[in-house]
Amino acid sequence: MPSIRTLRLLSIALDVPISYFFETSDPADVQRYIVRKNSRRLLRLTASGVVKEALTPEGKGQLELYELTLNPGVSSGTDFLQHTGEKAGYILSGRLRLWLDN
């Protein structure tokens, strides 16, 4: 069970989006713009209890959106990853503690 950090490093090395490592849906269900809940590609990180669902269609586009489900008390770990690009988040329920630049 690789960590999200490991998957990100692999995606950079292989020049593929991180969604490349998700469960694939039936190609007949793949749509160009809309991803229905039952067609989302999933990545389950059982060791940490994180479930990551792709909200954007498969492809090599610049924008990738995900819905993350985190168990209470879960941490992304102490190894930090720096990469180009931008990140955004929206918390649907609960609370999140986020550290940036120490």
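Our subject in this report is the structure included herewith. Note that this is a predicted model, so its numbers are computed, not measured.

1. Remarks on helix 1 (residues 4-14)
Right, so step 1: Here helix 1 has its buried residues at Leu7, Arg8 and Ser11. On an axial view of helix 1, the arc spanned by its buried residues comes to 100 degrees, and they lie on one face.
Right, so step 2: Residues of helix 1 that are buried sit in contact with strand 1 (42-45).
Right, so step 3: Downstream of helix 1 by one or two residues, aspartate 15 has phi in the positive range, about 55 degrees.

2. Some details on the nonpolar core
Right, so step 1: Core analysis: the largest hydrophobic core is formed by 8 residues, namely Leu7, Ile18, Phe22, Leu43, Leu45, Val50, Ala54 and Tyr66.
Right, so step 2: Looking at this core, the elements with two or more residues in it are strand 1 and strand 2 (50-54).
Right, so step 3: When residues no more than four places from it in sequence are discounted, the contact partners of leucine 45 are Pro2, Ile4 and Val50.

3. Thoughts on the packing of aromatic side chains
What describes a pair of aromatic rings is the distance from one ring centre to the other and the angle between the planes of the rings.
Right, so step 1: Taken as a whole and judged by the stated rule, the model has 0 aromatic pairs.
Right, so step 2: Geometry around tyrosine 66 places lysine 52 over its ring, the cationic atom sitting 4.3 Å from the centre.

4. Overview of the pattern of salt bridges
Right, so step 1: Taken as a whole and assessed by the stated rule, the structure comprises 3 salt bridges.
Right, so step 2: Among the ionic pairs, arginine 40 bridges to glutamate 53, the shortest N-O distance being 3.2 Å. Separated by 13 residues along the polypeptide, arginine 40 in the loop between helix 1 and strand 1 and glutamate 53 in strand 2 bring together distant segments of the chain. For the residue pair arginine 40 and glutamate 53, the accessibility class agrees, reading buried in each case.
Right, so step 3: When the shortest N-O distance is used, the salt bridge between glutamate 67 and arginine 40 registers 3.3 Å. Pair noted here: glutamate 67 is in strand 3 (residues 66-69) and arginine 40 is in the loop between helix 1 and strand 1, with a separation of 27 residues, a long-range link.

Reading the values: the criteria
Positions within a chain are numbered from 1, following the residues in the order the chain's sequence is written. In view of the model being predicted, local features appear only for residues whose pLDDT reaches at least 70, and side-chain atom pairs are presented and counted only at 80 or more, with totals across whole chains, interfaces and linings using the full set of residues. The side-chain quantities take in all heavy atoms of the structure and omit both hydrogens and water. For every residue, the accessible area obtained with a 1.4 Å probe (protein chains only) is divided by the maximum for its type, and the residue is called buried under 20%, exposed over 50%, and partly exposed between those limits. A run of DSSP states H or I qualifies as a helix once it reaches four residues; a run of E qualifies as a strand once it reaches two. Both are numbered from the N-terminal end. Taking the helix axis as origin, the arc is that swept by the directions to the C-beta atoms. The contact criterion used is simple: two residues touch if any of their non-hydrogen atoms lie within 4.5 Å. Among buried residues, the Ala, Val, Leu, Ile, Met, Phe, Trp, Tyr and Cys ones that are joined through side-chain atoms within 4.5 Å form a nonpolar core. Only centres within 6.5 Å qualify two rings of Phe, Tyr or Trp (six-membered ring in Trp) as a pair; their planes then separate them into stacked at under 30 degrees, edge-to-face at over 60, and tilted for everything else. Think of it as a cone above the ring: NZ of Lys or CZ of Arg counts as a charge over the ring if it is within 6 Å of the ring centre and within 35 degrees of the ring normal. Put simply, a salt bridge is a Lys or Arg side-chain nitrogen that is within 4 Å of an Asp or Glu carboxyl oxygen.

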